[in-house]
Amino acid sequence: MRAKRTQVIKPRIREILSKELPPELVRLLPKHWIQIGDVLILPLRPELEPYKHRIAEVYAEVLGVKTVLRKGHIHGETRKPDYEVLYGGDTVTVHVENGVKYKLDVAKIMFSPANVKERVRMAEVARPGELVVDMFAGIGHLSLPMAVHKGARVIAIEKDPYTFRFLVESIWLNNVQDLMTPYNIDNRDFPAENIADRVLMGYVVKTAEFIPKALSIAKDEAIIHYHNTVPERLMPDEPFATFRRIAREYGYEAEKLNELIIKRYAPGVWHVVVDVRVFKR
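Cut-offs and rules
Residues numbered from 1 in each chain as written. Predicted model: local features only at pLDDT ≥ 70, side-chain atom pairs only at ≥ 80, totals over all residues. Heavy atoms only, no water. Phe/Tyr/Trp six-rings, centres within 6.5 Å; stacked < 30°, edge-to-face > 60°. Lys NZ or Arg CZ within 6 Å of the ring centre and 35° of its normal. Pairing = 2+ DSSP bridges. Helix = DSSP H or I, 4+ residues; strand = E, 2+ residues; numbered from the N terminus. Axes fitted to C-alpha atoms, helices over the stretch in contact; angles between N-to-C directions. Contact = heavy atoms within 4.5 Å. Buried < 20%, exposed > 50% of the residue type's maximum accessible area, 1.4 Å probe, protein only. Right-handed = clockwise from strand over helix to strand, strands pointing away. pLDDT = per-residue confidence, 0-100. Core = buried A, V, L, I, M, F, W, Y, C linked by side-chain atoms within 4.5 Å. Expected span 1.5 Å × (residues − 1).

## Notes on the packing of aromatic side chains
To describe a pair of aromatic rings, one takes the distance between the centres and the angle between the planes.
Here's step 1: Under the defined criterion, the tally for this structure stands at eight aromatic pairs.
Here's step 2: One cation-aromatic arrangement involves Lys 108 over Tyr 162; the distance from NZ or CZ to the ring centre is 5.3 Å.

Right, here's the structure in full:
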């Protein structure tokens with residue numbers, strides 16, 4: 001099932017709602033939406049507020065989903081969404097993408113369809129048997145594909161207890177419980193050092209604060225996938241310049257292997273990932 005659709009309004013949706021809404025509001029009906037499993041996230045303009053529940057009901061019926069949420073914002077350290085339930089009530093679903101099953105509560109756990117290419121890429125870069133430490137695992141967004149498709153061994157660290165529950169369930173859904181070990185702790189409290197062939201830093205805004213911990217976890221010549229948000233005016237030097245500066249402060253050298261733009265984060269700000277190989281000096 002596709003996570004995101006951008007297209008003209010389904011004729012059946014327009015046909016039904018044209019009989020119930022003023023013509024000027026029919027023109028404002030959402031032409032794009034996000035579908036995660038059988039839950040729909042629908043952006044609605046303020047003008048549609050009086051009809052929001054009926055609109056959601058029609059979209060649910062035509063698109064075959066059980067629940068519709070109104071698109072909201074992401075908040076806090078653990079990146080929790082703030083969505084309004086417009087139709088249905090069960091927001092827990094299983095989303096299948098690239099052969100990987102993700103179980104989550106769409107209303108309470110962030111899952112970005114725009115990051116699909118990076119999730120697919122992680123399955124491609126992983127090597128069988130290598131040890132990956134996922135510092136911000138969530139429900140296994142980035143590390144589940146590594147275990148499922150390449151047989152990588154993964155230590156998945158997730159701080160939030162509710163999200164951690166779905167991480168564990170997703171591991172079992174994909175039958176990779178022998179490959180993935182989940183930890184419900186702050187990654188700064190993870191005790192092991194010098195163990196990882198690869199480190200995932202799938203976080204944004206404050207990711208630089210965690211670079212010293214990532215370095216301590218990494219083996220010599222390990223690869224770190226460093227995500228962060230970067231103002232466009234600072235690109236292309238950032239975010240690698242900050243990573244290299246902090247790495248040198250802690251006695252490491254850093255080599256940039258690759259850099260990719262994931263998506264627009266805010267006006268003039270981009271979510272970027274840099275693949276970095278680190279060397280102990």
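Text resumes after the structure shown.
## Details of the sheet that holds strand 13 (residues 252–266)
Within a sheet, adjacent strands bond to each other through the backbone by hydrogen bonds, running parallel or antiparallel.
Here's step 1: Reading across from one edge, 10-9-8-11-12-14-13 is the order of the seven strands in this open sheet, with mixed pairing throughout. Both edges of this open sheet fall to strand 10 (180–183) and strand 13, since each of them pairs with a single strand only. On average, each strand axis in the sheet is inclined to that of its neighbour by 15°, with strand direction left out of account.
Here's step 2: Two strands pair when backbone bridges link them, and strand 8 (residues 131–134) and strand 11 (residues 196–201) are joined in this way by three bridges, in the parallel orientation. Among the inter-strand pairings, Val 133 is bridged to a residue of strand 11, identified as Val 199.
Here's step 3: Contacting strand 12 (218–231), strand 13 and strand 14 (269–280), helix 8 (residues 240–249) crosses the sheet at an angle of about 145° to strand 13.

## What about the pairing of strand 9 (residues 153–157)?
Here's step 1: Extensive coverage of strand 9 is indicated by the burial of four of its five residues.
Here's step 2: Judged from the four bridges that link them, strand 8 and strand 9 form a sheet pairing that is parallel. Within the sheet, the bridge partner assigned to Val 132 lies in strand 9 and is Val 154.
Here's step 3: Of the crossover connections in this fold, the one passing from strand 8 over helix 5 (residues 144–150) to the parallel strand 9 is right-handed.

## Side note on the side chain of Glu 118
Here's step 1: By the element assignment, Glu 118 lies in helix 4 (residues 116–125).
Here's step 2: The class for Glu 118 is buried, based on a relative accessible area of 4%.
Here's step 3: If we skip the residues at most four places from it in the chain, Glu 118 touches Leu 142, His 227, Leu 260, Ile 262 and Val 273.

## Structural notes on the confidence of the model for the protein chain
Here's step 1: Mean pLDDT for the protein chain: 93, with 94% of residues reaching 70 or above.
Here's step 2: With pLDDT under 50 throughout, residues 1–7 is counted as low confidence; its partners more than four residues away or in other chains account for 25 contacts.

## A closer look at the nonpolar core
Here's step 1: Residues Met 135, Val 199, Met 201, Leu 215, Ile 224, Phe 243 and Val 278 are the most contacted members of the largest nonpolar core, which totals 32 residues.
Here's step 2: Of all the secondary-structure elements, those providing two or more residues to this core are strand 8, strand 9, strand 11, helix 7 (211–217), strand 12, helix 8, strand 13 and strand 14.
Here's step 3: In contact with Met 201, other than residues within four places in its own chain, are Met 135, Phe 136, Thr 207, Phe 210, Ile 211, Ala 214, Ile 224, His 225, Tyr 226 and His 227.
Here's step 4: In terms of nonpolar packing, the next biggest core, distinct from the first, is built from 31 residues, Ile 34, Tyr 102, Ala 126 and Phe 166 among them.

## Some thoughts on unusual backbone geometry
Here's step 1: Here Met 235 and Pro 236 are connected by a cis peptide whose omega angle stands at 10°.
Here's step 2: Looking at where Pro 236 falls in the secondary structure, it is placed in the loop between strand 12 and helix 8.
Here's step 3: Here the residue pair Glu 238 and Pro 239 is connected by a cis peptide bond, since its omega of 10° sits within 30 degrees of zero.
Here's step 4: Its location among the elements puts Pro 239 in the loop between strand 12 and helix 8.
Here's step 5: Phi angles above zero are rare outside glycine, and Asn 175 is one such case at about 55°.
Here's step 6: Examined against the element boundaries, Asn 175 turns out to sit in the loop between helix 6 (161–173) and strand 10.
Here's step 7: Notably, Asn 194 is not glycine yet its phi reads approximately 55°, a positive angle.

## With respect to the environment of Arg 14
Here's step 1: Mapping Arg 14 onto the fold places it in helix 1 (residues 11–17).
Here's step 2: The exposure class of Arg 14 is partly exposed, given its relative accessible area of 34%.
Here's step 3: Considered as a pair, Arg 14 and Val 58 are 44 residues apart in the sequence and their alpha carbons are 9.5 Å apart.

## Re helix 3 (residues 52–63)
Here's step 1: The first and last C-alpha atoms of helix 3 sit 16 Å apart over 12 residues, in line with the 16 Å expected at 1.5 Å per residue.
Here's step 2: Buried residues of helix 3: Lys 52, Ile 55, Ala 56, Val 58, Tyr 59, Ala 60 and Leu 63, and no others.

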